[in-house]
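Examination of the molecular architecture
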Amino acid sequence: MKLGIVGLPNVGKSTLFNSLTKAGAQAANFPFCTIDPNVGIVAVPDERIKQLGEMYNSKKVTPATIEFVDIAGLVKGASKGEGLGNQFLANIREVDAIVHVVRCFEDSNVIHVDGSVDPLRDIETINFELIFSDLEVLERRLSKVSKAARMDKSLAKENALLEKCKAHLEAGKMAKTMEDLDEDELTLMKEFNFLTYKPVIYAANVAEDEVADDGASNAYVAKVREYASKENSEVFVICAQIEQEISELDDDEKAMFLEDLGLKESGLEKLIAASYKTLGLMSFLTAGEDETRAWTIKIGTKAPQAAGKIHTDFERGFIKAEVVNYKDLLETGSLAAAREKAMVRMEGKDYVVQDGDVILFRFNV
C-alpha cells in the first residue's frame, strides 16, 4: 500500500510524516522546505504476528508495510508551476490513496499561508490544484487519443470518456464524483491515474489538548467531518506534535505516554485503520519456524489469489488451503493441536479468505 501525503505549507504535514516514518524529513515554519519527495516505509503494527512468531519461535517476523510519500506543501497556482507544485504532484500519481493533512489548530507562532485557519478553504485550495493537474494530464492524453480515434474505433470510447472527464473537471468537480460509469469506463478511469479519482483520507491536525476527545470540541474538525461525510471519506484526528514525541519512544514508553494522554491508539494506528477501510484491505497470515508474516489483500479475495500473493506458483498449482483462525491457533498452542480439536479446515478454490486467517497452502506445479 502506497499513500501520498498532501496539504498546504505549515499544516503539520512533514511533522506527521517524520513521526510516522522516523525518516527525519525537513519540517520548518516556511513554505517549500520539502523540495524532493520524502519516501518512508512503515511496518504495520500487528500484535497477531508478534504472538504467532513467539509461539513458533520464528527466525523472522515480517509485518505488512505501507509506503508514505511526502511532497512539498501546495499553494494556489501549484499546478501552474507556482513553487514547483506540479512537479511535486507528479510524485504522488502512483499512490493508492491520498492523506490530506488539514490544519485544525490556532497558533500565532505558526504562520498560515492564507493568513487564517479555515480547513474548508484549505481543502478547496488543494482540490483545485489536483483538478488543474489532472486537466493537464488529461489534455495530453486527449490530444493523442482524439487523433488515433479517427482511425481506431476501439479508442472512441476512451475519447468520449476523456471528453466527459474534461467537462466534469472544468466544472470544478473531482473525478471520483462522476456517476453512471459502466464497467469499461471504470477500468479506464483507473488507467488514467487521475489524482482526483483517488480515495482521500483527511488527517485533522489539532492542538495537544484537543486530541484526547478525538476533536469533539473542535469546530474546525466538525467542519472537516461534515465535508468528508458527503464524499464518503475517512477522517482521523491527530496532533502531529504529539506523534513526533511518540515516535521517539520505545513500545513500553509509548503505551504509558498514550495512556497518560487518554489515547487508545497512536496516529499511525488510526491512519492504518482508515487506510485499510478506505481501500477495502485486510491481512491473512502465514506462520512457521522460518517466518511468520502478514500479507495484505483486498477484502473478498479467494484462496488461490491469496496464495498468488506469496508466489505465482502457489496460485497456478493451487490444490487446497489449510485454514485456522489465529485466535484458535494461539489458544491451542500448535497447528497439530488445532487439528485435533477440529479447528483447522480444508478449503478449496472458492473460499473467500477472512481477516486473521492463518493459512498453509497446498499446491502442485
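Quick note: structure is the one above.
In this text, all values refer to a predicted model and were calculated from it rather than measured experimentally.

1. Description of the overall build of the protein chain
Each helix and strand counted, the protein chain has 14 helices and 12 strands in total. Seen through its principal axes, the protein chain has C-alpha atoms that stretch 65 × 65 × 35 Å. Within the protein chain, the fraction of its 365 residues that count as buried is 48%. Of all intrachain contacts in the protein chain linking residues separated by at least 6 positions in sequence, the fraction that spans at least 24 positions is 69%. Counting every atom, the protein chain has about 18,000 Å² of accessible surface; 49% of that belongs to carbon and sulfur. Charge centroids of the protein chain, computed over 44 positive and 62 negative side chains, lie 7 Å from each other.

2. Let's talk about the layout of surface pockets
Counted as a void, the largest pocket has a volume near 740 Å³. Lining the largest pocket are 27 residues, and of these Pro45, Asp251, Lys254, Leu268 and Glu269 lie nearest its centre. Listed by contribution, the elements that provide at least two residues to the lining of the largest pocket are helix 1 (13-21), strand 2 (38-43), helix 2 (47-56), helix 8 (240-247), helix 9 (251-261) and helix 10 (267-279). Per element, the largest residue contribution to the lining of the largest pocket is five residues, and it comes from helix 9. Each residue belonging to the lining of the largest pocket can be placed in one class, and the counts come to 12 nonpolar, four polar and 11 charged.

3. So, the environment of Glu234
Looking at the element boundaries, Glu234 is found in strand 7 (residues 234-238). You can call Glu234 partly exposed: its relative accessible area is 21%. Spatially, the C-alpha atoms of Glu234 and Leu271 are 9.3 Å apart, while their sequence positions differ by 37 residues. Here Glu234 is in contact with Val200, Ile201, Tyr202, Ala274, Lys277 and Thr278, once residues within four sequence places are set aside. Separated by 3.4 Å, the side chains of Glu234 and Lys277 make a polar contact.

4. Digging into empty space enclosed by the protein
One pass over the structure, following the stated rule, counts one cavity of 30 Å³ or more. The space that makes up the largest cavity amounts to roughly 30 Å³. What lines the largest cavity is Val211, Val237, Ile238, Glu243, Leu263, Glu265, Ser266, Gly267 and Lys270. Elements that contribute at least two residues to the lining of the largest cavity include exactly strand 7 and helix 10.

5. Points about the packing of aromatic side chains
Under the definition given, this model contains seven aromatic pairs. Aromatic side chains Phe192 and Phe194 sit 5.3 Å apart centroid to centroid with 45 degrees between the ring planes, which places their arrangement in the tilted category. Per residue, the accessibility class of Phe192 equals that of Phe194, and both read buried. When the ring of Tyr202 is compared with that of Tyr227, the centres are 6.1 Å apart and the planes differ by 85 degrees; the resulting orientation is edge-to-face.

6. Concerning the nonpolar core
Counting residues in hydrophobic clusters, the biggest one holds 85 residues, and the most contacted among them are Phe68, Ile92 and Met189. Looking at this core, the element that brings in the most residues is helix 4 (residues 119-149), giving eight residues. Counting residues in hydrophobic clusters, the runner-up holds 14 residues, among them Trp295, Ile297, Ala303 and Ile359.

7. Comments concerning helix 5 (residues 156-170)
One full turn of an α-helix is made of 3.6 residues, so residues set three or four places apart face in the same direction. Across its 15 residues, helix 5 extends 21 Å between first and last C-alpha, which sits within 8% of the 21 Å expected from 1.5 Å per residue. Those residues of helix 5 not exposed but buried are Glu158, Asn159, Leu161, Leu162, Cys165, Lys166, His168 and Leu169. Buried residues belonging to helix 5 abut helix 4 and helix 6 (183-192). The first or second residue beyond helix 5 is Gly172, which carries a positive phi of 80 degrees.

8. Thoughts on helix 11 (residues 303-310)
Taken together, the buried positions of helix 11 are Ala303, Pro304, Ala306, Ala307 and Gly308. The secondary structure elements touched by the buried residues of helix 11 are strand 8 (281-286), strand 9 (291-298), helix 12 (312-316), strand 10 (318-325) and strand 12 (357-363).

9. Here we look at the packing of helix 1 against helix 8
Viewed as axis vectors pointing N to C, helix 1 and helix 8 meet at an angle of 25 degrees, and their least axial separation amounts to 8 Å. Overall, the two elements helix 1 and helix 8 adopt an arrangement that is roughly parallel. Helix 8 is crossed by helix 1, and the crossing has left-handed handedness. Here Thr15, Leu16, Asn18 and Ser19 of helix 1 lie close against helix 8, whose contacting residues are Ala240, Gln241, Glu243, Gln244 and Ser247.

10. Observations concerning the packing of helix 8 against helix 9
Look at helix 8 against helix 9: their axes get within 10 Å of each other, and the N-to-C directions meet at 150 degrees. In this view, helix 8 runs roughly antiparallel relative to helix 9, as classed from their interaxial angle. Relative to helix 9, helix 8 is oriented so that their crossing is right-handed. Contact residues: helix 8 offers Ile242, Glu245 and Ile246, while helix 9 offers Lys254, Phe257, Leu258 and Leu261.

Rules used throughout
Residues numbered from 1 in each chain as written. Predicted model: local features only at pLDDT ≥ 70, side-chain atom pairs only at ≥ 80, totals over all residues. Heavy atoms only, no water. Helix = DSSP H or I, 4+ residues; strand = E, 2+ residues; numbered from the N terminus. Buried < 20%, exposed > 50% of the residue type's maximum accessible area, 1.4 Å probe, protein only. Contact = heavy atoms within 4.5 Å. Areas by Shrake-Rupley, 256 points an atom, 1.4 Å probe, with all protein chains shown as cover. Lys, Arg positive; Asp, Glu negative; His and termini not counted. Charge placed at Lys NZ, Arg CZ, Asp CG, Glu CD. 1 Å grid on protein atoms, 1.4 Å probe; cavity = no way out; pocket = protein on both sides within 12 Å on 5 of 7 lines; lining within 4 Å. Points joined across faces, edges and corners; volume = space filled by probe spheres on them. Nonpolar A, V, L, I, M, F, W, Y, C, P; charged D, E, K, R; others polar. Polar contact = N/O pair within 3.5 Å; in protein donor to acceptor, adjacent residues only side chain to side chain. Phe/Tyr/Trp six-rings, centres within 6.5 Å; stacked < 30°, edge-to-face > 60°. Core = buried A, V, L, I, M, F, W, Y, C linked by side-chain atoms within 4.5 Å. Expected span 1.5 Å × (residues − 1). Axes fitted to C-alpha atoms, helices over the stretch in contact; angles between N-to-C directions. Parallel < 35°, antiparallel > 145°, perpendicular 65-115°, else oblique. Left-handed = near helix turned anticlockwise from the far one by under 90°.

Function cannot be read off these values alone, since they describe shape.
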